[in-house]
Amino acid sequence: MSSGPLVRVAFPAPAPFGLGEPPGGVALVTIDRPDSLNALSFAVLAQLVAALRALDAEPACRCVVLTGAGSRAFAAGADIRELADQTPESLAAGGGFDHWDELREIGLPIIAAVRGYALGGGCELALACDLIVAGEDAQFGQPEITLGVIPGAGGTQRLTRAIGKARAMEMILTGRSITAREAEAAGLVSLVVPAEETLDRALALAGRIAAMPPIAVRAAKAMVNRAFDATLTEGLADERETFFGLFASADQSEGMVAFAQKRTPIWRGR
């Protein structure tokens, strides 16, 4: 394992090639283990969560793009060498899987820019993001069954919600991977692009999100996620309360005044 950082952060993110200036407010987070296809060790997950927490607390940051180093893999799965000798007791006591729960606490929108393999934990990490921009060379799968286990970081739950029971059951029970185009047709990814454009297109999308009012963006993310955790009645009540609350923000006033004045609003995040 490399002795250097396993996760790199660039904030502000570099400009998308050929798409103008760097998108303001966008951070680029890169899992940097290309020699192991960006396998998700416990150390990688700890560094990733720490990086995302720091960005979440940075007022100037408004959207994150998450990717893997190189072009062969977003993340090819968990670090199997690290898992091979684990026991039920060591996994429960070690706390490594708690990092997956911490990802849910990030308020910033996170876009996964996926090239190559997104398998096992890598697929689960992409599913934990808010949007997925996939290169045409991307492959998604939950092959844990071939190792005698099941997805353990949300795969059985998030994949089923994303693509439905029938497709999820077939993928998880056989370990079969699907292509980017199959994933798009199933509703798993937001956008499929030429492989070499993946990161640039994800950064451009992040720039569009970062240009929106930040308080409302965080609220919108929270409410969409709430739709998966609550009944319709509960979700509608939470949405209404959140909607009302945004009318106490300066951004709401600015947005509506700017609309009436036919000018571009200036978002202050207040």
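Look up: the structure comes first, before these words.
Now for a description of the structure that goes with this document. (Residues numbered from 1 in each chain as written. Predicted model: local features only at pLDDT ≥ 70, side-chain atom pairs only at ≥ 80, totals over all residues. Heavy atoms only, no water.)

1. Brief notes about the layout of surface pockets
What counts, and what does not: Cavity means a closed set of points on a 1 Å grid over the protein atoms alone, one where a 1.4 Å probe fits but cannot get out, pocket means an open set with protein on both sides within 12 Å along at least 5 of 7 lines, and lining means a residue has an atom within 4 Å of a point. Grid points are joined across faces, edges and corners, and a volume is the space filled by probe spheres set on the points. Runs of H or I in DSSP of at least four residues are treated as helices and runs of E of at least two as strands, each being numbered from the N terminus. Each residue gets one of three labels, nonpolar for Ala, Val, Leu, Ile, Met, Phe, Trp, Tyr, Cys and Pro, charged for Asp, Glu, Lys and Arg, and polar for the others, Gly among them.
Considered as a void within the structure, the largest pocket measures approximately 1,000 Å³ in volume. What lines the largest pocket is a set of 40 residues, among which L127, A128, C129, R158 and N225 lie closest to the centre. Those elements giving two or more residues to the lining of the largest pocket turn out to be α1 (42–56), α4 (98–103), α5 (121–128), β7 (131–135), α6 (155–163) and α10 (214–229). Per-element accounting of the lining of the largest pocket gives the leading share, 7 residues, to α10. Its residues assigned to classes, the lining of the largest pocket comprises 24 nonpolar, 7 polar and 9 charged.

2. As for the sheet that holds strand β6 (residues 117–119)
The strands making up a sheet associate through hydrogen bonds between their backbones, and the pairing can be parallel or antiparallel. What counts, and what does not: Note on pairing: two strands pair once DSSP finds at least 2 bridges between them. Every residue pair with non-hydrogen atoms within 4.5 Å of one another is taken to be in contact. Between N-to-C directions, angles span 0 to 180 degrees; the directions come from axes that are lines fitted to C-alpha atoms, helices contributing only their stretch in contact.
Here 4 strands make up an open sheet; going across it, the order is β4-β6-β8-β9 and the pairing mixed. Of all strands in the sheet, those with a lone pairing partner are β4 (73–75) and β9 (178–179), marking the two edges. Where strand β8 (residues 139–141) lies against β9, 2 bridges are found, and the strand directions are antiparallel. The residue of β9 that forms the bridge with Q139 is T179. Where α5 meets the sheet, it contacts β4, β6 and β8, and its direction lies at approximately 90° from that of β6.

3. Focus: the pattern of salt bridges
For clarity, the threshold we go by: One side-chain nitrogen of Lys or Arg within 4 Å of one carboxyl oxygen of Asp or Glu is enough to make a salt bridge. For every residue, the accessible area (1.4 Å probe, protein chains only) is compared with the maximum for its type, and the residue is labelled buried under 20%, exposed over 50%, or partly exposed between those bounds.
Taken as a whole and judged by the stated rule, the model has 16 salt bridges. Two residues, R33 and D79, come together in a salt bridge whose shortest N-O distance is 3.4 Å. One end of the pair, R33, is in the loop between β2 (26–31) and α1; the other, D79, is in the loop between β4 and α2 (80–83), and 46 residues separate them in sequence. Note on D79: relative accessible area 8%, which makes it buried. A salt bridge links R104 to D229, with the shortest nitrogen-to-oxygen separation between them at 3.1 Å. Placement of R104 in the loop between α4 and β5 (110–114) and of D229 in helix α10 is noted, with a sequence separation of 125 residues between them. Residue classification places D229 among the partly exposed residues on the basis of a relative accessible area of 48%. Overlapping salt bridges, with partners in common, bring together R33, D79 and R81 in one network.

No statement about biological role is implied by the geometric values presented.
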